[in-house]
Amino acid sequence: MSMPAQAWILGNRALREATRTPDSSIPTLFIPLFFLIVNVGQAADVFPSDATPFLFGQSYAAFQLPSSLLLAASFGSAALYLVEDIEGGYFDKLRATPISRTAIVMGRLTAEAAKGVLITIILVLISLPFGVHIESGLLGWVLLIVLAASWGVVFSAFMQILALKTRSAAATNSGSLIFFPLLFLTPNFVPRELLTRPMEIAASFNPVTYIMEGLRSLVLQDIQWGTVGKGFAVVAVAGVLAVFLNVRTIRNYD
Amino acid sequence: MTLAIEAHQLVKRYSGRGGSDVEAVRGVDLEVAEGEVFGFLGPNGAGKSTTVRMLTTLMSITSGTARVAGVDVAAEPDRARKQIGVALQEAGLDPRQTGRELLILQCRLFGQSKGAAVARSSELLALVDLEDAADRRVKTYSGGMKRRLDLASALVHEPSVLFLDEPTTGLDPASRLSVWEEMRRINGRGTTVFLTTQYLEEADQLCNRLAIIDEGRIVREGTPAELKAELRRRKKLKRNPTLDEVFLDATGRSRERAAGEVQEVSA
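Residues numbered from 1 in each chain as written. Chains lettered and ligands numbered in written order. Predicted model: local features only at pLDDT ≥ 70, side-chain atom pairs only at ≥ 80, totals over all residues. Heavy atoms only, no water.

Draft legend 1. The pairing of strand β4 (residues 63–68) of chain B, seen in detail. Residues and elements named next belong to chain B. As judged from the five bridges shared by strand β1 (residues 3–15) and β4, these two strands associate in the antiparallel manner. By the bridge assignment for β4, V11 is matched with S63. Note that β4 and strand β5 (residues 71–72) share two bridges and pair antiparallel. Bridge pairing in β5 links R67 to D72. (Pairing = 2+ DSSP bridges. Helix = DSSP H or I, 4+ residues; strand = E, 2+ residues; numbered from the N terminus.)

Draft legend 2. Here's a closer look at the pattern of salt bridges. In the structure shown here, the tally under the stated rule is 31 salt bridges over all chains. A salt bridge links E101 of chain B to R16 of chain A, with the nearest nitrogen and oxygen atoms 3.6 Å apart. Within this pair, whereas E101 of chain B is found in helix α3 (residues 99–109), its partner R16 of chain A is found in helix α1 (residues 3–20), the two belonging to separate chains. Each of R13, E17, E84, D85 and R108 of chain A together with D94 and R96 of chain B takes part in salt bridges that share partners, so that together they form one network. (Salt bridge = Lys/Arg side-chain N within 4 Å of Asp/Glu carboxyl O.)

Draft legend 3. Broad picture of the pairing of strand β10 (residues 217–222) of chain B. Residue and element names in this part refer to chain B. As judged from the five bridges shared by strand β9 (residues 209–214) and β10, these two strands associate in the antiparallel manner. Its bridge partner being in β10, A211 is matched across the sheet by E221. Between β9 and β10, which pair antiparallel in sequence order, lie two residues; one of them, E215, sits at a positive phi of approximately 50 degrees.

Draft legend 4. Seen up close, the sheet that holds β4 of chain B. Residues and elements named next belong to chain B. Reading across the sheet, the four strands line up as β2-β1-β4-β5 and stay open at both edges, with antiparallel pairing between neighbours. Each edge of the open sheet carries a strand with a single partner, namely β2 (21–33) and β5. Contacts between helix α1 (residues 48–55) and the sheet are confined to β1, β2 and β4, with β1 contributing the most and set at about 115 degrees to the helix. (Contact = heavy atoms within 4.5 Å. Axes fitted to C-alpha atoms, helices over the stretch in contact; angles between N-to-C directions.)

Draft legend 5. Quick peek at the interface of chain B and chain A. Every contact between the two is made by 32 residues of chain B and, on the other side, 24 residues of chain A. Taken together, the two surfaces of chain B and chain A that pack against each other cover about 2500 Å², and 52% of this comes from carbon and sulfur. When the buried surface of chain B facing chain A is broken down by residue, L58, R96 and L109 of chain B rank first, second and third, together holding 29% of it. On inspection of chain B and its partner chain A, the count reaches eight salt bridges. Between R96 of chain B and E17 of chain A there is a salt bridge, with its nearest N and O atoms 3.7 Å apart. Inspection of the region where chain B meets chain A yields 13 residue pairs in polar contact (both at pLDDT 80 or more). Those elements that place two or more of their residues in the side of chain B that touches chain A are α2 (77–81), β6 (84–87), α3 and α5 (143–153) of chain B. Looking at the side of chain B that touches chain A, the element that brings in the most residues is α3 of chain B, giving six residues. Taken together, the residues that form the side of chain B that touches chain A break down as 12 nonpolar, eight polar and 12 charged. (Buried area = accessible area lost by both parts, 1.4 Å probe. Polar contact = N/O pair within 3.5 Å; in protein donor to acceptor, adjacent residues only side chain to side chain. Nonpolar A, V, L, I, M, F, W, Y, C, P; charged D, E, K, R; others polar.)

Draft legend 6. Focus on the sheet that holds strand β7 (residues 161–165) of chain B. All names here are of chain B. Here six strands make up an open sheet; going across it, the order is β6-β7-β8-β3-β9-β10 and the pairing mixed. Looking at the sheet topology across the chains shown, the edges are occupied by β6 and β10. On average, adjacent strands in this sheet sit at an angle of 15 degrees to one another, irrespective of strand direction. Pairing of strand β3 (residues 37–41) with β9 involves four bridges; the strand directions are parallel. Residue pairing across strands places L41 opposite I212, the latter belonging to β9. Each of β3, β6, β7, β8 (192–197) and β9 is contacted by α1, which is oriented at about 150 degrees to β8, the strand it contacts most. In this fold helix α6 (residues 173–188) packs onto β3, β7 and β8, with an angle of close to 150 degrees to the strand it touches most, β8.

Draft legend 7. Local environment of the nonpolar core. Membership of the largest hydrophobic core comes to 119 residues, with the highest contact counts inside it found for W151 of chain A together with L149 of chain B. Counting residues per element, this core draws most heavily on helix α7 (residues 137–166) of chain A, at 14 residues. Counting residues in hydrophobic clusters, the runner-up holds 31 residues, among them L30, A46, V73 and F163 of chain B. (Core = buried A, V, L, I, M, F, W, Y, C linked by side-chain atoms within 4.5 Å. Buried < 20%, exposed > 50% of the residue type's maximum accessible area, 1.4 Å probe, protein only.)

These results come straight from atomic positions and should not be treated as a statement about function.
Below you can see the structure in the form of structure tokens.
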């Protein structure tokens, strides 16, 4: 059986697990939605759509939506379920089977991709009544979903490395907080060029900025291939690195 | 004699804190014949589980060689995994799946088609008497049921060698008896069983031969009868010693010291 087929089988198991613990998905939806409402409530009057060029005629909710999508992507549960498998002994059961080590780490990430697609669709649909529309059309919709879900997979992959290294739920949970500032060292409230100079420099060095700008361009404008391309490039490079480190960690796992 | 397990000078060394090395297994030699039930006894921390983890490809080998079913476990781990069934100390089960789902998944991971996996899982559920609970989630199972399911999941691919690491620890006498029956039945079909246990009565009942490991080294090896006879001769005893006396003699432990490490049970 090929590695992708093995990963698919394990991905199905992870999805079944997710459907049986629906409560674990509530924060993934609720918290990003909460931030969307609060941020829009705080700043919408400061940035009226008819007098704010960077909104391209849309509401401030449209500008904020990508932040919420990225926040949702950082709530992936793959790493915590992996720690459960390690602590409960099921991970050793999987390691004792003759399947590819890559498939073991890719299985959960496959499920994260499916969950990411679903959550992104739900969040975008919820945002529509707030005056948001996806300016880039059907292809833009697809690109938006793929980019947000892919980042969710990459984020989960980095968390899985922590889970494999520490084998502890507490340490993995704490580790995810290290990534949190990355979400906020971005042009979260205004475009990069309107940030203070130090923040602009910090945001320019932060890879998450380019994913956020890619997502934002898809919501606010026709497809800007240069901006969207940078977002996908960041996801691709980070994804390759994360999967490489995952595979190396599981191969050296004793 | 065809060997199912063959280990030569097996060593596992960990890097301890402060740069000092800890040797958990210190040059273990083992030869287990095909079709045997081989008992591997030792106090807590003696190196039993570490040895099992090395033999089952779950842990790297610092030095030495190990072959299971003729396959070098370090050089060809995937080939070895196809020959090995493993049920470790903690029943490694996913509590959110049903027993049937878990077995089907395990069959699929050993390369079986969906249809074959469904058929094999039904066969195994019947074998371990879990048909009635097959579609319940594993988290609702009792300890004994979990052990039996774990055993079944180790058998999906009809392994030639089955490693059972303390399979009855924590079970009530009835569940323990049922695991013993399964073990005998599996061995009766020709599967070699490598059993680690802290229960000396269990080893006496089930094992053709056994080895006692202490502080990472094998200190006794033979059939239960041979080990008892050797102790009787050496100590000039008037009666046949029990296996726990053999164990205490081999590990240099007093009854008091061993009380917390080894338990004698009857089931």
